[in-house]
Amino acid sequence: MYMAYGWPQVIPVNTGVRSSASNSDAGGIFADRIIYLKIINRLLLVVTPTHLQLWSCSQHKVRIGKYVRDADSLKQEGENLQAIWSPDTKTIAVLTSSAFFHIYKVQFSGKRLLIGGKQPGGLFLANISLVITEKAPFLEKNWSTSNFVCDNKSILIGLSNGYLQLVTWNAEISSQFEVCSYACNPNSLEVIFHSLANISPDMGRTASFSSSVLNSTGKYAIMQLELSLPLLLLAVLNSHGQVTVCSISKKGLKQTDSIKAEWWLNTDDVMCTSIASEQQILAVGCSRGVVELYDLADSASHLRTVSLYDWGYSMEDTGPVTCINWTPDNYAFAVGWKFRGLAVWSVSGCRLMCTIRQTGVCSAQSPMVKTNQEVRSEPLMGGVSLLQWDEYGYKLYAVEESSSDKILAFSFGKYCLNRGLSGTTYVRQILYGEDRVLIVQSDDNDELKILHLNLPVSYISQNWPVLHVVASKDGMYLAVAGLHGLILYDLRYKRWRFFGDVTQEQKIECKGLLWMGKIIVLCNFVDSSNTYELLFFPRYHLDQSSLLCRKPLLGKPIIMDVCQDYILITYRPFDVHIFHVKISGELSPISTPHLQLCTVRELSIMTAKSHPASMRFIPDFTSGGKLKDSSLSSNSLVHQPSRCLILRTNGELSLLDLDDGHEQVLTNSVELFWVTCGHSEEKENLIEEVSWLDYGHRGMQVWYPSPGADPFKQEDFFQLDPELEFDREVYPLGLLPNAGIIVGVSQRMSFTAGTEFPCYEPCPQAQTILHCLLRHLLQRDKHEEALRLAYLSAEKRHFSHCLEWLLFTVFDAEISRQGANKIHLSASTKSSSCSLLEKTCDLIRKFPEYLDVVVSVARKTDGRHWADLFTAAGRSTELFEDCFQRRWYRTAACYILVIAKLEGPAVSQYCALRLLQATLDESLYELAGELVFICMWFNFC
């Protein structure tokens, strides 16, 4: 998950240059624009029609190289039209408007940027030189080209005649070839029809066979190419808005006879495409202003559509989609529109960030009629032409369509703590940026706020950027790792702890972090031997002299997890190793503890499924999943976890039995999950009745402990709770066990008169889970447990609201069942339904909020169903009398209309007059005035 914070940074590129070649008669300024933007190895390449620039894209944005073409070159060979940068950053290929190929070489001086000081004037750390100029054999008069794609040896470009052109990095040009001609032979057609025949007809805008594409693709100009080398796929977009997905050879693009069409998307309005290789998703931007997502692992079947329609913005406001760019981990993507703005979406369809001002669903206006103030305070008001994420996902670089003299860089914080090699958090919800940690915490009024914790300059200046952040189980300590080393932060005393020896710090290249009690477990990459190892440091001292254990690993780990004193390590393709950690001696600076690591289980799982993205131990239910002690115990081998959850890169969630290797698929389309059972040391753990939760495009799903012999029988412990839904612009971060709430975060913008652009502020949101837990317990006849949980929560905020929500959802479900079964409603079904409603009322009756909760639910429901509600809750006159005796006159007044409906006008008249007299006697004139209006409504006066 990615969330924008802070003000956008402006990078001026000074693209406007005088060009007598382009405008010799007018003698004016040549209107330059950025045609190419790319980031590789912390370097940003900017190409315009007249020159090339190379910027440092690390902590400091400094231009380190530049090449400006002279007027004669522009006149004779044309402006720069398309460009591509080689993966090794040594070569840049440019095609000019007069069909000349220019090959530039990039040489680096080896000098480093000065940290914390001003750079000397005129200093260039990279030299860009033109080494090859070659005329391209394009004979058509009005020819045009697509963008470039490349591998290490070749460049591929699409032409206006529907053909592809292969060029080497030395500007050697081969003959043109046509992709779709290879797919028109009988053997290829049989494969295509077979793959498309398995697609469900109700997939919406799915991949399908189109005869018009097959018969006339060669006549359509190729507008864009998108290459995925990991998937060996090439997406070809033609001028009719149609997309062809092709396979390529493992040897790369040079094997042109192996580039074959596999699928066609039945679309005709595609403007751009982008492939997420890790997720195997193809995103296509349409002229309708929407983005369609297709599953490349399932014959390009349609997944979902994302757009700004639900926020009140249509294609007339934003224009067509011009560019899409995925984050490095492929869990989010940025979308730019031609007329106005950009947005960032999660892969599940949650809107994470948007530059367009949200002024109401019906108040969105055309960008052509915005005021000067709105234009000044909204970035990218003129549309987006280019988007590019940096290598870590911390910065999103955007070029405005109507103003290309600068680049806007938006800062993002990430939440990826429950994937890969970093541990998850339980008490603290954390995002982290390139040089800071953003902590969600409560203020003095119990409101959730985000604290920006800036890392010490002495550490981050040498080890930029932040790569791993994980909080200890009690939430009191943070472990933070940058490019090298490790630092700790004590949240209680606001104190940092460093390696005392910088040499030791630089020898550590952290690839993953875990907390194990008071021990930090660090996965270290040893560059000299190209190996990986586990390092165990005590929390109280970061130094090689205090190193508890060093464990060499078999290879590069892809996943780590810890539970009690067990560590899980997973290697590719799917080998699982579980280690038991045993400590002898006390963990303190005055003793000499000794740590032993022994292997207790090894699994090698043969599967054709996608690779795991996350794995989490599930504590043993028989022991309650509770830790006996926060430190490592010597006899915890008895409670060795026997199961774990697996989330694969394609979103499949499954349960793995570590004893026999059996894997049980639970659900799909999951983006992240939280294992909650047994992971809380809080005395008041309000979510111990939940096994785990997951989140995906369907929203939140809850998995409860099963009461049967098999605690993981899906139909017994899985439940979809619509009441847990956040808005689709709030992304869930995790749970607070002691508060019984789910914490989410959304983007907000604040506007300041002295700044050009707004400040982006992550805003925490809280969603209670208490009503779902209580309903779950009542459904399973766990009355005592439900009452105990309610008493634990009675002092929490929004407790009354939770009880009201509980009663409302149970009553609403009762009404819905009656409506669905009103013709054939059996007595047993009705009795069972009323039983749950009665159980809920009996539970809430134990609390003083009961009288307010019942009448509030009545006011939110149709009066035709009040009889069913008060049959379970009690007679309305008795509840009124209870309020009257307690002198809760305002609540009593709310019951008058209910009494009029259920008991008749005469009874309601009597109650209203009693209440009016009581309020006058006690000088409650405001409430008495309201009662007069009620009396007038009954025609009493």
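Residues numbered from 1 in each chain as written. Predicted model: local features only at pLDDT ≥ 70, side-chain atom pairs only at ≥ 80, totals over all residues. Heavy atoms only, no water.

Chemist: I keep staring at the packing of helix α14 (residues 850–859) against helix α17 (residues 889–902) and nothing clicks. Help me out?
Modeler: Two numbers describe a pair of packed helices, the interaxial angle and the distance between the axes. Two numbers describe how α14 lies on α17: the axes approach to 10 Å, and their chain directions differ by 40°. Taken together, the axes of α14 and α17 lie oblique to each other. Here α14 runs over α17; the crossing is left-handed. The residues of α17 that touch α14, namely those facing L851, D852, V854, V855, A858 and R859, are T891, C894, Y895 and V898. Residue classes in the contact of α14 with α17 are distributed as seven nonpolar, one polar and two charged. (Axes fitted to C-alpha atoms, helices over the stretch in contact; angles between N-to-C directions. Helix = DSSP H or I, 4+ residues; strand = E, 2+ residues; numbered from the N terminus. Parallel < 35°, antiparallel > 145°, perpendicular 65-115°, else oblique. Left-handed = near helix turned anticlockwise from the far one by under 90°. Contact = heavy atoms within 4.5 Å. Nonpolar A, V, L, I, M, F, W, Y, C, P; charged D, E, K, R; others polar.)

Chemist: For this particular structure, what's the right way to read the sheet that holds strand β21 (residues 281–286)?
Modeler: Across a sheet, strands are paired by hydrogen bonds formed along the backbone, either parallel or antiparallel in direction. Sheet architecture is open: four strands sit in the order β20-β21-β22-β23, paired in antiparallel fashion. Looking at the sheet topology across the chains shown, the edges are occupied by β20 (270–276) and β23 (301–306). The sheet shows a mean angle of 25° between the axes of neighbouring strands, direction not considered. Pairing between β21 and strand β22 (residues 291–295): five bridges, direction antiparallel. Paired with I281 across the strands is D295, a residue of β22. (Pairing = 2+ DSSP bridges.)

Chemist: Just checking my understanding: could you explain the pattern of salt bridges for this structure?
Modeler: Between side chains of opposite charge, a pair can form when the charged atoms approach closely. By the definition in use, this model includes 23 salt bridges. Note that R288 is salt-bridged to E292, the shortest N-O span being 3.2 Å. When the shortest N-O distance is used, the salt bridge between R875 and E903 registers 2.9 Å. With R875 in the loop between α15 (866–873) and α16 (876–885) and E903 in the loop between α17 and α18 (905–921), the pair connects residues that are 28 residues apart, well separated along the chain. (Salt bridge = Lys/Arg side-chain N within 4 Å of Asp/Glu carboxyl O.)

Chemist: For this particular structure, what's the right way to read the packing of aromatic side chains?
Modeler: Where two aromatic rings form a pair, the distance of their centres and the angle of their planes describe that pair. On inspection of all chains with the given rule, the structure shows 21 aromatic pairs. Their ring planes at 75° and their centres at 5.9 Å tell us that F410 and Y760 sit as a pair that is edge-to-face. With F410 in strand β30 (residues 406–414) and Y760 in strand β56 (residues 759–768), this residue pair connects regions lying 350 residues apart in the sequence. You'll find F410 and Y760 in the same group, each marked buried. Judged by centre distance (5.9 Å) and plane angle (55°), the rings of F884 and Y889 are tilted. The pair formed by F884 and Y889 is uniform in burial state, with each residue classed as buried. In this structure, K414 is placed above the aromatic ring of Y394, and the distance from its NZ or CZ to the ring centre is 4.7 Å. Its guanidinium or amino end placed over the ring of F884, R914 lies 4.3 Å from that ring's centre, counting from NZ or CZ. (Phe/Tyr/Trp six-rings, centres within 6.5 Å; stacked < 30°, edge-to-face > 60°. Buried < 20%, exposed > 50% of the residue type's maximum accessible area, 1.4 Å probe, protein only. Lys NZ or Arg CZ within 6 Å of the ring centre and 35° of its normal.)

Chemist: Looking at this structure, how should I read the environment of L568?
Modeler: Note that L568 resides in strand β43 (residues 566–571). For L568, a relative accessible area of 0% puts it in the buried group. Spatially, the C-alpha atom of L568 lies 8.5 Å from that of M615, the residues being 47 residues apart in sequence. When near neighbours in sequence (up to four residues on either side) are disregarded, L568 contacts I559, M560, D561, V576, H577, M615, F617 and C644.

Chemist: Hey, could you run me through the nonpolar core in this one?
Modeler: Counting residues in hydrophobic clusters, the biggest one holds 107 residues, and the most contacted among them are L342, V344, F410, L693 and Y895. Broken down by element, the residue count for this core peaks at eight residues, all from helix α12 (residues 799–820). Those residues within four positions of Y895 in sequence are excluded, and the remaining contacts are L851, V854, V855, F870, S876, L879, F880 and C883. One finds L125, A126, F138 and A171 within the second-largest nonpolar core, a separate group that totals 35 residues. (Core = buried A, V, L, I, M, F, W, Y, C linked by side-chain atoms within 4.5 Å.)

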